[in-house]
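Each chain, written out:
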Amino acid sequence: MRECLINPAGGYYINKDPFGKSGDFTTSPEISQMFGELVGIWILAEWMQQNKPASVRLIEFGPGRGTLMSDVLRSSKPFRQFNSAIKEVYFVEASPTLRASQHKLICGTNELVEDSTKGVFQSKALANGIPVFWVEDVKSLPENADGEFANYIIAHEFFDALPIYQFEKVATDPSATSKLPSERDASWREFLVDYCVPKPSELQSSILLPNQSIIKASEKSESLDTKPSFQLGLAPNWTIASRIIPKTHERYDKLPIGSKVEICPDAWEITEKMTSRIVPSSFSSPDAASGKGKGGILIVDYGPADTIPINSLRGIKDHKLVSPFEHPGECDLSTDVDFQALKIAALQHYGNDIEVYGPVEQGDWLHTMGIGARATMLANAQSTEEGKKRVEQAYNRLVERGGGAMGKLYKVMCIVPNNQPKPVGFGGDL
Ligand code: SAH
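My aim in this report is to walk through the structure given alongside it, one point at a time. All values reported here derive from a predicted model rather than from experimental measurement.

Describing the environment of Leu5
Logical step 1: Tracing the sequence through the fold places Leu5 in helix 1 (residues 2-6).
Logical step 2: Owing to a relative accessible area of 2%, Leu5 belongs among the buried residues under this scheme.
Logical step 3: Sequence separation between Leu5 and Cys331 is 326 residues; the distance between their C-alpha atoms is 8.5 Å.
Logical step 4: Setting aside its immediate chain neighbours within four residues, Leu5 contacts Gly11, Tyr12, Tyr13, Ile14, Ala161, Cys331, Asp332 and Leu333.

Right, dumping it as structure tokens:
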């Protein structure tokens, strides 16, 4: 997944803009400005709950075209005190092409300068001249050791692009039942990507795609029997990953033989690093360490609210699901996000300092954030019937819940310091 998506020589995200009608998929911020505006309101509300910290840093992971941040910045403008507290914007972005799109949207013609010693690119936002920085991964994000900044962190459709491992629990003792196995009876095997040249007879075999939907190989690409391809296969013996990764948490130990799991160590690591940016225990200056946490993390993505994802690796091309093995580097790859794993990762070190809320369904979250009123306002401001209809369609697309629609499929979770009331959108009031 990592190589297919962000390898500098030909990863999917590296050289292209995959968004919108002419691309492969459309995301919520690209559907309507309302999405980013409400994320902006959520951040503003958190900032107010935290007694308006003087220095705010906005951080976004995987910003795509930069639309979400642009809407956040624009919607914060009328709130002058908040707007002038925003001292820095940071983007964590692996793709130079998308970095260029983000720079153009947020900074216009202001120069983009590289500081290669720090692995940072820098420019100034067009609107208010605040410094905007780009880093390629979480390691290059400032630590906030002096607790100077309240870091508000957004990750929209970022975690689903991180590489996962897949494992299956198998019986090592043939007499073991599918009940709770003892360590001796069961062990994990890793699914590996295998290089294969399918023979015509294999065309009958099936490739498992998300939600257990099966695409028969015979219904797929004509070239499958001639071109080399890839497939998933269960390793016949243990691998280093299968020995170590499922042992990282007891939730995997408890599963019966035959269980499959997907585990994303990158997501674990990144959530922990994000959380360290909002808690006083990680501030090294004594003053800051004795203070309260500030900032917050908002994560929006798809995945089960409380179970471990299985079998969710998918390819997405031209707005359709495709086999993840058919066009390596040319189609998007994604998996379901394990929200409970993110929660566990945040709580493991910082449980005394933070609270995790959600995940709640996107439709519910947007409603409690006031999307209804905002949509009415926007529709009323349109001069044509067509314009009003566009607002209505975008609204419906974001909140609808039927048949795998975005309002239900996408979920919103937040991680905030625990010295404050419930956040808005998660049961709290503004
Ligand atoms: N948040 C945007 C884009 C989502 S697509 C939106 O909703 O419209 C995923 C984004 O994450 C892209 O910007 C992609 O370049 C970036 N990305 C993917 N994997 C990454 C990684 N490992 N490190 C940093 N950025 C990554």
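Things to note about the sheet that holds strand 15 (residues 320-322)
Logical step 1: As summarised here, the arrangement of the 3 strands in space is 15-14-16, forming an open sheet in which the pairing is antiparallel. Where the open sheet ends on each side, the last strands, each with one partner, are strand 15 and strand 16 (332-334). Geometrically, the sheet is characterised by an average inter-axis angle of 40 degrees between neighbouring strands, direction not taken into account.
Logical step 2: Bridging between strand 14 (residues 314-317) and strand 15 involves 3 bridges; their strand directions are antiparallel.

Details of the pairing of strand 5 (residues 131-135)
Logical step 1: The buried fraction of strand 5 amounts to 4 of the 5 residues, a majority that puts the element mostly inside the structure.
Logical step 2: Examined bridge by bridge, strand 2 (residues 86-92) and strand 5 share 4 bridges and lie parallel to one another. Within the sheet, the bridge partner assigned to Val89 lies in strand 5 and is Val132.
Logical step 3: Across 5 bridges, the pairing between strand 4 (residues 120-124) and strand 5 is antiparallel. Opposite Gln122, over in strand 5, you have Phe133 as the bridge partner.
Logical step 4: Adjacent in sequence and paired antiparallel, strand 4 and strand 5 are bridged by 6 residues, among which Gly129 carries a positive phi angle near 75 degrees.

Concerning the site of the ligand
Logical step 1: Around the ligand, 18 residues are found, and the nearest of them are Thr27, Gly62, Gly64, Glu93 and His156.
Logical step 2: Between the ligand and the protein, one listed contact pairs a nitrogen atom with a backbone N or O atom of Gly62 at 2.7 Å.
Logical step 3: Glu93 places a side-chain nitrogen or oxygen 2.5 Å from an oxygen atom of the ligand.
Logical step 4: Classifying every residue of the shell around the ligand by side-chain character gives 10 nonpolar, 5 polar and 3 charged.

Notes on the sheet that holds strand 12 (residues 260-263)
Logical step 1: The sheet built from 4 strands is open, its strands ordered 11-8-7-12 with antiparallel pairing. The open sheet has two edge strands, strand 11 (229-234) and strand 12, and neither has a second partner. Going across the sheet, the axis of each strand differs from the next one's by a mean of 30 degrees, ignoring polarity.
Logical step 2: Across 6 bridges, the pairing between strand 8 (residues 186-196) and strand 11 is antiparallel. Within strand 11, the residue paired with Phe191 across the bridge is Leu234.

Some points on the packing of helix 13 (residues 371-380) against helix 14 (residues 385-399)
Logical step 1: Two numbers describe how helix 13 lies on helix 14: the axes approach to 8 Å, and their chain directions differ by 160 degrees. Looking at the two axes, helix 13 sits roughly antiparallel to helix 14. Judged by the twist between their axes, the crossing of helix 13 over helix 14 is right-handed. Each of Ile371, Gly372, Ala375, Leu378, Ala379 and Asn380 in helix 13 lies in contact with helix 14, whose residues at this interface are Lys388, Val391, Tyr395, Leu398 and Val399.
Logical step 2: Of the residues belonging to the contact of helix 13 with helix 14, the class tally is 8 nonpolar, 2 polar and 1 charged.

Details of the side chain of Arg277
Logical step 1: Take Arg277: it is sitting in the loop between helix 9 (265-276) and helix 10 (286-289).
Logical step 2: Within the buried set, Arg277 has no salt-bridge partner at all; the shortest N-O distance to an opposite charge, 4.5 Å, is to Glu143.
Logical step 3: Within polar-contact distance, the side chain of Arg277 engages the side chain of Ser276 at 3.2 Å.

Some words on the nonpolar core
Logical step 1: Counting residues in hydrophobic clusters, the biggest one holds 64 residues, and the most contacted among them are Val39, Trp42, Ile43, Leu58, Met69 and Trp365.
Logical step 2: A total of 9 residues in this core trace back to one element, the largest contributor, which is helix 3 (residues 33-49).
Logical step 3: The residues contacting Trp42, other than those within four sequence positions of it, are Ile297, Leu298, Trp365, Met369, Cys414, Val416, Pro423, Val424 and Phe426.
Logical step 4: Core analysis: the second largest hydrophobic core is formed by 32 residues, Val135, Leu162, Val279 and Phe339 among them.

Things to note about helix 4 (residues 67-76)
Logical step 1: With 8 of its 10 residues buried, helix 4 lies for the most part within the structure.
Logical step 2: Of all the positions in helix 4, only Thr67, Leu68, Met69, Asp71, Val72, Leu73, Ser75 and Ser76 are classed as buried.

Here we look at the packing of aromatic side chains
Logical step 1: By the definition in use, this model includes 10 aromatic pairs.
Logical step 2: Residues Phe158 and Phe159 carry aromatic rings whose centres are separated by 5.5 Å and whose planes lie at 70 degrees to one another, so their mutual orientation is edge-to-face.
Logical step 3: Between the aromatic rings of Tyr302 and Tyr410, the centroid separation amounts to 5.2 Å while the plane-to-plane angle is 90 degrees, which identifies the pairing as edge-to-face. You can see Tyr302 sitting in strand 13 (residues 295-302) and its partner Tyr410 sitting in strand 18 (residues 410-417), a full 108 residues away along the chain.
Logical step 4: Taking the relative accessible area as the measure of exposure, Tyr302 reaches 8% and is therefore buried.
Logical step 5: Joined through ring pairs, the aromatic side chains of Phe61, Phe158 and Phe159 make up one cluster.
Logical step 6: The residue whose ring lies beneath Arg57 is Phe149, and the NZ or CZ to ring-centre distance is 4.0 Å.
Logical step 7: It is Arg243 that lies over the ring of Trp238; its NZ or CZ is 3.8 Å from the centre.

Rules used throughout
Residues numbered from 1 in each chain as written. Predicted model: local features only at pLDDT ≥ 70, side-chain atom pairs only at ≥ 80, totals over all residues. Heavy atoms only, no water. Helix = DSSP H or I, 4+ residues; strand = E, 2+ residues; numbered from the N terminus. Buried < 20%, exposed > 50% of the residue type's maximum accessible area, 1.4 Å probe, protein only. Contact = heavy atoms within 4.5 Å. Pairing = 2+ DSSP bridges. Axes fitted to C-alpha atoms, helices over the stretch in contact; angles between N-to-C directions. Near = heavy atom within 4 Å. Polar contact = N/O pair within 3.5 Å; in protein donor to acceptor, adjacent residues only side chain to side chain. Nonpolar A, V, L, I, M, F, W, Y, C, P; charged D, E, K, R; others polar. Parallel < 35°, antiparallel > 145°, perpendicular 65-115°, else oblique. Left-handed = near helix turned anticlockwise from the far one by under 90°. Lys, Arg positive; Asp, Glu negative; His and termini not counted. Salt bridge = Lys/Arg side-chain N within 4 Å of Asp/Glu carboxyl O. Core = buried A, V, L, I, M, F, W, Y, C linked by side-chain atoms within 4.5 Å. Phe/Tyr/Trp six-rings, centres within 6.5 Å; stacked < 30°, edge-to-face > 60°. Lys NZ or Arg CZ within 6 Å of the ring centre and 35° of its normal.

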